[in-house]
Amino acid sequence: QVQLVESGGGSAQPGGSLKLSCAASGNIFSIEGMGWYRQAPGKQRELVATISRLGTTNYADSVKGRFTISRDNAKNTVDLQTNSLKPEDTAVYYCNADIRRRLSPLVNYWGQGTQVTVSS
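What you see is a predicted model; the values in this text were computed from it and never measured.

Participant: Account for the side chain of D89, with residues named and values stated.
Facilitator: Note that D89 resides in the loop between β8 (77-82) and β9 (91-100). Of the polar contacts made by the side chain of D89, one reaches the backbone nitrogen of K86; its length is 2.8 Å. Once residues lying within four places of it in the same chain are set aside, the contact partners of D89 are R38, R66, F67, S84, V116 and V118.

What follows is the structure, encoded as structure tokens:
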């Protein structure tokens, strides 16, 4: 089976930074798109940033210029560097990836989520 495990969440003050990491493990043949989503209390899950296998990135307007997504294809990891954090960035952040196991179709996977809280 395949697992996505996030780490690096926690608390930060407004203006601070946190780095989120996600590692994919299991019987993986290849990983296509990877990304980060977030869900604040009472709100729908929303896209934060995505990155293709070749490194093409896409960001939500609300995080452009503050967050940076990156990946290491050799290690099957994706990171999200969050800078200039705002209270409205408070949410559970989820890792997402399209993963293909050998001789199997592409399947979308989610991590368990990591809490990010921004407050003074």
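Okay, back to it.
Participant: Please provide a residue-by-residue account of the state of the cysteines, values included.
Facilitator: Counted according to the given criterion, the structure contains 1 disulfide. Here C22 connects covalently by a disulfide to C95, the sulfurs 2.1 Å from one another. Handedness of the C22-C95 disulfide follows from its S-S torsion of about -80 degrees: it is left-handed. Of this pair, C22 sits in strand β3 (residues 18-26) while C95 sits in strand β9, and the two are 73 residues apart along the sequence. Side by side, C22 and C95 carry an identical accessibility label, which is buried.

Procedures and definitions
- Per chain, residue numbering runs from 1 following the sequence as it is written.
- A pLDDT threshold of at least 70 governs which residues receive local features in this predicted model, and a stricter bar of 80 or more applies before side-chain atom pairs are shown or counted, although totals over entire chains, interfaces and linings include all residues.
- As a convention, hydrogens and water are excluded, and side-chain values are obtained from all of the structure's heavy atoms.
- A run of H or I in DSSP counts as a helix once it spans at least four residues, and a run of E counts as a strand once it spans at least two, with each numbered from the N terminus.
- Polar contacts, as counted here, are pairs of nitrogen or oxygen atoms within 3.5 Å of one another; within protein the pair requires one atom able to donate a hydrogen and one able to accept it, and residues that are adjacent in sequence qualify only if both atoms are side-chain atoms.
- We call two residues in contact whenever any of their non-hydrogen atoms come within 4.5 Å of each other.
- Disulfides are defined as cysteine sulfur pairs within 2.5 Å.
- Each residue is assigned to one of three classes by its accessible area relative to the maximum for its type, calculated with a 1.4 Å probe on protein chains only: buried under 20%, partly exposed between the two thresholds, exposed over 50%.

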